[in-house]
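Close look at the chain arrangement
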Amino acid sequence: MFDQTVDQYNITMGLKWESNGMDHDLYLVVAETEQVDETLNYGRFDRWAIAVDPVACAASSSCPGVLNPFAEFGSISDEQMSFLTAGSLKDQSGAEMELFAYTISGDLSNGSAFAVGVEKRSESGYFKPDEFSAEGLTTGGASSPLRGGFNVTEVFGEIFTSVSDQLNVDASVRYSDYDTVGDTTNFKVGADYVVSDDLRMRATYGTGFRAPNVSELNTVASTTFPVIDLPCEFADRRLASGSITQNIYDNCVSLGFDPSDAGEYGFAWQSYHEYYADGDLAPEESTNLSIGLVMEDVLIDGLSLAVDYWNIEIEEVIALPIANLIFRDCLSQTVMDFSTGSCGLFIDYGLNDDSAFGPNGMYYFSYPGDIETPWGNQGTFSSDGIDISASMSGDLDMGNVSGYVLAFDATMHNSYEQEFTFGGSYDYVGTADGFAVYPEFRYVLSAGLQGDNWTSVMNLRGVSESDDVWRPAVTTADAKAEAITYIDAVTTYDYGNATFRFGINNLTDENPPYFHSNFNGNTEPGVYDVIGRRAFVSVVISY
């Protein structure tokens, strides 16, 4: 189905020297990447239209025979399948980067240290879609060629100083000047305060900046096909369970959707989503805050514990509007106006001119309609949570076993909220989406033994349960991605200049949890193990 070829080179050269008690670092980086993505067996829209039309099929010398799409499974011949698929699609892309930097660093009095420098970076890239993709003839969506780049010059400085025996402070500032989005100045301030021998407090606050990349700067009209879970499907069940409001239900019925079980689609409906660049992109700007404690010898001698609260907020998020949120936001309106807001994004094919709401594109032959949206700065994003890290190690006198190590790392996610111009706001924490999972709690618990030249470690990786973000339990048997724990084991052995590693991942061969809304086999390969138990061996030889 898919094959990828990547050619890449990277050349780094530079000089380092010391002068007047300061370190100087001058370097140059040149890199280039070329990539070819080959995809097989995408369907061709134009040929499907010919194959199901007896007149068009008869007029086409390449049509192998009229296709009945409602015939029994397996009735499509090999010749028809070959006619209906695009064969091999080859998309080409590449990128170039040049970086020049000069840094001066050194020590000051009272244990202070500093660094200042300048960087000049140039990036460029291109994308050449296959001709079928460029014309939008396949089920993979339409893609347009692009080429572009940017240059940026940056000046930065950082200082670390000991204010007292108990308080250390570090601060940094960076000025950036882009030829695409202008200039900006960002900073970070941090402090570390020793309360006692067993307790330390730390905090950081800073601002961030992300300029649009080459692809984002040059995005033109393109298409995608998101899976739509319309609240109007099984609307009777959803209303009875409180999953939707009476207002949404009434709008569904007024539009013509069947709210009963008879209105079930029976398959994952994908709407056509066309998006386009809307004006000049602004950069993303962010603030970051973290506050924490580090404790030593907590309850037990040798036990270290760190607890940190963090908060991230981003403005002018560069993204594509979420299609399912657009449908829900429009249906939530007391009076749906298909000329503005989320409702104004639906493509009107002239099918509903006599509806109660006037011309609109949400209702498409009893299925969800298609949308056309801007691509660019959509709104804000915020997330916060707590990181916990604990560790303990010690010596053992048990023959070849000379020590042990215990560790626990976890994240408790409080919020993962976005608020976009189209689609409104939504907090994803504790949910499983079509291409991402946002569990409230994740952890890794490790326990290991070690000797003079070996270590053996067993890890427990846990992910808490998450609710299907779109499908309530009254409409599917898979409305929840259940909590799961994986067990991994690895042993490392040093022999001479060689390091050997032996291990097993997913030792108990756990199956991934399933949930309805995911398009990748009803699970999420980015979070859950979809391969199963597997062993690995590796060796690294150092010279």
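Residues numbered from 1 in each chain as written. Predicted model: local features only at pLDDT ≥ 70, side-chain atom pairs only at ≥ 80, totals over all residues. Heavy atoms only, no water.

Topic: the overall build of the chain
A count of helices and strands for the chain gives eight helices and 26 strands. In terms of overall dimensions, the chain has a C-alpha envelope of 85 × 55 × 50 Å along the principal axes. In the chain, which comprises 543 residues, the proportion classed as buried is 36%. Contacts in the chain between residues at least 24 apart in sequence constitute 66% of all its contacts with a sequence separation of at least 6. Summed over its atoms, the accessible surface of the chain is roughly 29,200 Å², and 53% of this surface lies on carbon and sulfur atoms. (Helix = DSSP H or I, 4+ residues; strand = E, 2+ residues; numbered from the N terminus. Buried < 20%, exposed > 50% of the residue type's maximum accessible area, 1.4 Å probe, protein only. Contact = heavy atoms within 4.5 Å. Areas by Shrake-Rupley, 256 points an atom, 1.4 Å probe, with all protein chains shown as cover.)

Considerations on the state of the cysteines
Tallying each qualifying case throughout the model produces three disulfides. The disulfide partner of Cys232 is Cys252, and the gap between their sulfur atoms is 2.0 Å. On the sign convention where negative is left-handed, the bridge of Cys232 and Cys252, at about -75 degrees about the S-S bond, is left-handed. Taken together, the residues span a long stretch of sequence, with Cys232 in the loop between strand 9 (222-224) and helix 6 (235-241) and Cys252 in helix 7 (residues 246-255) at a distance of 20 residues. (Disulfide = S-S within 2.5 Å.)

Considerations on the sheet that holds strand 22 (residues 466-468)
Ordered by their spatial adjacency, four strands build an open sheet running 19-18-22-23, and the pairing between neighbours is mixed. Strands at the two margins of the open sheet, each flanked by one partner only, are strand 19 (437-438) and strand 23 (480-481). Two elements, strand 18 (residues 431-432) and strand 19, share two bridges in a ladder whose sense is antiparallel. Each bridged residue has a counterpart across the sheet, and for Thr431 the counterpart in strand 19 is Tyr438. (Pairing = 2+ DSSP bridges.)

Re unusual backbone geometry
Non-glycine residue Asn41 carries a positive phi angle of around 70 degrees. Classification of Asn41 by relative accessible area gives partly exposed; the value is 47%. One non-glycine residue, Asn506, lies in the positive phi region at around 55 degrees. With respect to the helices and strands, Asn506 occurs in the loop between strand 25 (498-505) and strand 26 (534-541). You can call Asn506 buried: its relative accessible area is 0%.

Quick word on a nonpolar patch on the surface
On the surface, Val173, Phe187, Val189, Tyr205, Leu289 and Ile291 cluster together into a nonpolar patch covering about 470 Å² of accessible area. Listing elements by their share of the nonpolar patch, those giving two or more residues are strand 7 (182-196) and strand 11 (284-296). A relative accessible area of 36% means that Tyr205 is categorised as partly exposed. (Patch = residues over 30% accessible without salt bridge, like charges linked within 9 Å, V, L, I, M, F, W, Y side chains within 5 Å. Salt bridge = Lys/Arg side-chain N within 4 Å of Asp/Glu carboxyl O.)

Details of the confidence of the model for the chain
Per-residue confidence for the chain averages 92 on the pLDDT scale, and 100% of its residues sit at or above 70. The lowest-confidence element of the chain is helix 4 (residues 131-134), averaging 82 in pLDDT; the highest-confidence one is strand 20 (residues 441-450), averaging 98. (pLDDT = per-residue confidence, 0-100.)

Considerations on helix 8 (residues 323-331)
Extensive coverage of helix 8 is indicated by the burial of eight of its nine residues. Taken as a whole, helix 8 has its buried residues at Ala323, Asn324, Leu325, Ile326, Phe327, Arg328, Cys330 and Leu331.

Some points on the environment of Pro359
Take Pro359: it is sitting in the loop between helix 8 and strand 13 (363-364). By relative accessible area, Pro359 is classed as partly exposed at 46%. Between the alpha carbons of Pro359 and Tyr175 there is a distance of 51 Å; along the sequence they are 184 residues apart. Once residues within four sequence positions are removed from consideration, Pro359 is found in contact with Phe338, Asp348, Asn352 and Asp353.

Section: the side chain of Glu524
Tracing the backbone shows Glu524 in the loop between strand 25 and strand 26. Of the side chains bearing the opposite charge, Arg442 lies closest to the buried Glu524, which forms no salt bridge; the N-O distance is 9.7 Å. A distance of 3.5 Å separates the side chain of Glu524 from the backbone nitrogen of Ala436, its partner in a polar contact. At 2.8 Å, the side chain of Glu524 and the backbone nitrogen of Gly526 are in polar contact. Each residue touching Glu524, except ones within four places of it in the same chain, is listed here: Gly434, Phe435, Ala436, Val437, Phe515 and Asn518. (Lys, Arg positive; Asp, Glu negative; His and termini not counted. Polar contact = N/O pair within 3.5 Å; in protein donor to acceptor, adjacent residues only side chain to side chain.)

Details of the environment of Val220
Structurally, Val220 is set in the loop between helix 5 (214-217) and strand 9. Ignoring anything within four residues of it in the chain, the contact list for Val220 reads Ser144, Pro145, Tyr275 and Tyr276.

A look at helix 7
Those residues of helix 7 not exposed but buried are Ile248, Tyr249, Asn251, Cys252 and Leu255. Each buried residue of helix 7 lies within a common arc of 165 degrees when the element is viewed along its axis, so the set occupies one face. Within two residues after helix 7, Gly256 carries a phi angle of roughly 115 degrees, on the positive side. (Arc of directions from axis to C-beta.)

Brief notes about the nonpolar core
Counting residues in hydrophobic clusters, the biggest one holds 25 residues, and the most contacted among them are Leu230, Leu331, Phe338, Phe346 and Met362. When contributions to this core are tallied by element, the ones reaching two or more residues are helix 7 and helix 8. Sort the elements by how many residues they give to this core and helix 8 lands first, with five residues. Residues contacting Phe346, with those up to four places away along its chain left out, are Ile326, Phe327, Cys330, Phe338, Gly361, Met362, Asp370 and Ile371. The next biggest cluster of nonpolar side chains, apart from the first, holds nine residues, and it includes Ala432, Val463, Ala481 and Ile484. (Core = buried A, V, L, I, M, F, W, Y, C linked by side-chain atoms within 4.5 Å.)

Examining the pattern of salt bridges
Under the definition given, this model contains 18 salt bridges. Residues Glu123 and Arg121 are paired through a salt bridge, measuring 2.9 Å at the closest nitrogen-oxygen approach. On the basis of relative accessibility, which here comes to 27%, the residue Glu123 falls in the partly exposed class. A relative accessible area of 17% places Arg121 in the buried class. In this structure, Arg202 engages Asp308 in a salt bridge whose closest nitrogen and oxygen atoms are separated by 2.7 Å. A residue pair is termed long-range when its members are at least 10 positions apart, and Arg202 in strand 8 (residues 199-210) and Asp308 in strand 12 (residues 304-319) qualify at 106 residues. Look at Arg202 and you get partly exposed, because its relative accessible area is 30%. The buried category is assigned to Asp308, whose relative accessible area is 15%. A single salt-bridge network, built from bridges that share partners, covers Glu119, Arg121, Glu123, Glu154 and Arg174.

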